[in-house]
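Structural features, examined
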Amino acid sequence: MQITSWLGLAFAFVVGWVLTFQSHVGVHAAGVTLLVMLVPITIGTFVAAFKQGIGSWPAALTTAAGLAFTLLKFFF
């Protein structure tokens, strides 16, 4: 996997979190929608990465941390 895939996912998670922390209902909803859509994309990226090779471990771990934070935020 290319490092840009990981960094793009990590950046998208950060944008989603920033949007969910806004008080405007529409902006908050956009952030939640973005984060919900990112979860299956990130899982699919991890599956493909294990088949093809991770590429950049630090970038993959950053994305994994973003996914974990997002899932913890939604379920707890």
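Please refer to the structure higher up on the page.
This write-up is about the structure you can find in this document. (Residues numbered from 1 in each chain as written. Predicted model: local features only at pLDDT ≥ 70, side-chain atom pairs only at ≥ 80, totals over all residues. Heavy atoms only, no water.)

1. Digging into the overall build of the chain
Secondary structure assignment for the chain yields three helices and zero strands. Along the chain, helices (α) and strands (β) appear in the sequence α-α-α when read from the amino end. Residues classed as buried in the chain amount to 32% of the 76 residues present. A separation of at least 24 residues holds for 69% of the contacts in the chain among residues at least 6 apart in sequence. Put simply, the chain shows about 4,700 Å² of open surface, and 78% of that area lies on carbon and sulfur atoms. (Helix = DSSP H or I, 4+ residues; strand = E, 2+ residues; numbered from the N terminus. Buried < 20%, exposed > 50% of the residue type's maximum accessible area, 1.4 Å probe, protein only. Contact = heavy atoms within 4.5 Å. Areas by Shrake-Rupley, 256 points an atom, 1.4 Å probe, with all protein chains shown as cover.)

2. Describing the packing of helix 1 (residues 3-20) against helix 3 (residues 57-75)
To describe two helices that pack against each other, one gives the angle between their axes and the distance between the axes. Put simply, helix 1 and helix 3 touch, their axes get as near as 8 Å, and they point 30° apart. Put simply, helix 1 runs roughly parallel to helix 3. Crossing handedness for the pair helix 1 and helix 3: left-handed. Only Ala 59, Ala 60, Thr 62, Thr 63, Gly 66, Leu 67, Phe 69, Thr 70 and Lys 73 of helix 3 make contact with helix 1, whose side of the interface consists of Ile 3, Trp 6, Leu 7, Leu 9, Ala 10, Phe 13, Trp 17 and Thr 20. (Axes fitted to C-alpha atoms, helices over the stretch in contact; angles between N-to-C directions. Parallel < 35°, antiparallel > 145°, perpendicular 65-115°, else oblique. Left-handed = near helix turned anticlockwise from the far one by under 90°.)

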